[in-house]
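# Overview (structure and organization)
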Amino acid sequence: MQKNKKKTMKRLKSEQGFTVVEMLLALFILSLIMTVIGGGVTVVKSAYEKITLKAEAQVLVSTFVTAINDELRQAEHIEQKESNQEQYWSFYHAKKGYRMYFVNKNNNIYYKTEISSKERPLVSDKAITNGLSPQIEDLTYENHIFTYTLRIYYDGEVYEEQEISIRPLNEP
């Protein structure tokens, strides 16, 4: 072992340098190391993106559940209506002073008043990031309780969902 070390040191000090085979071997080893490191970075980046997307979806669920529940808590004189062959629940909003209902549109949930055709986003579009799309679905009203499912879609598939039940404050 000592002989090999002396021989290598002597060779390094000589002016001959490395052979082509030694250089190719060193490049091959270096490329293997870089491939392993590059693959590891890709895996870590992918995992980070998935975790971040999941966290953003959960925050979006929380934000929309709060916003929808705030509106439904103030509901009075609740009626089931039909428009363009779609049924929806319309209600008088006690604090805002007009009838309204929810509409899924443009990757957001809007509320629409019955006195104007204006739609207003329930939550700012800036709160919806990374291609996530919230939808309020299966809204029902039975025994003085609203029940709905909030689904967050990503690439057309359900990514996160939560079913909520809430009783309006002003209903018996």
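Residues numbered from 1 in each chain as written. Predicted model: local features only at pLDDT ≥ 70, side-chain atom pairs only at ≥ 80, totals over all residues. Heavy atoms only, no water.

Glancing now at the pattern of salt bridges. Under the definition given, this model contains 11 salt bridges. One salt bridge in this structure joins E71 and K96, with 3.1 Å as the shortest N-O distance. Of the two residues, E71 sits in helix α2 (residues 20-73) while K96 sits in the loop between β2 (86-93) and β3 (98-105), which places them 25 residues apart along the sequence. On the basis of relative accessible area, E71 is assigned to the buried category, the value being 10%. A salt bridge links E79 to R99; the shortest N-O distance between them is 3.7 Å. With E79 in strand β1 (residues 75-83) and R99 in strand β3, this pair connects stretches of sequence that are 20 residues apart. Given the relative accessible area of 37%, E79 is considered partly exposed. R99 gets classed as buried once you look at its relative accessible area, which sits at 17%. Among the charged side chains, a salt-bridge network with shared partners connects E137, D138, R151 and E161. (Salt bridge = Lys/Arg side-chain N within 4 Å of Asp/Glu carboxyl O. Helix = DSSP H or I, 4+ residues; strand = E, 2+ residues; numbered from the N terminus. Buried < 20%, exposed > 50% of the residue type's maximum accessible area, 1.4 Å probe, protein only.)

With antiparallel pairing, the 3 strands of this open sheet are ordered in space as β6-β7-β8. For this open sheet the edge positions go to β6 (132-142) and β8 (157-166), each flanked by a neighbour on one side alone. Strand-to-strand twist across the sheet, computed as the mean angle between neighbouring axes with direction ignored, equals 15 degrees. When β6 meets strand β7 (residues 145-154), the two strands line up antiparallel, connected through 9 bridges. Pairing of S133 across the sheet is with Y153, part of β7. (Pairing = 2+ DSSP bridges. Axes fitted to C-alpha atoms, helices over the stretch in contact; angles between N-to-C directions.)

What follows covers the sheet that holds β1. Strand pairing in a sheet relies on backbone hydrogen bonds, with the paired strands running either antiparallel or parallel. Within the open sheet, the 5 strands sit side by side as β1-β2-β3-β4-β5. Their pairing is antiparallel. Every other strand in the sheet has two partners, leaving β1 and β5 (119-121) as the edge strands with one partner each. Taken pair by pair, the neighbouring strands of this sheet meet at an average axis angle of 35 degrees, ignoring direction. Bridge analysis of β2 against β3 gives 3 bridges, and the strand direction is antiparallel. Considered in β3, the bridge of F91 is made with M100.

The quantities given are spatial measurements derived from coordinates; they are silent on function.
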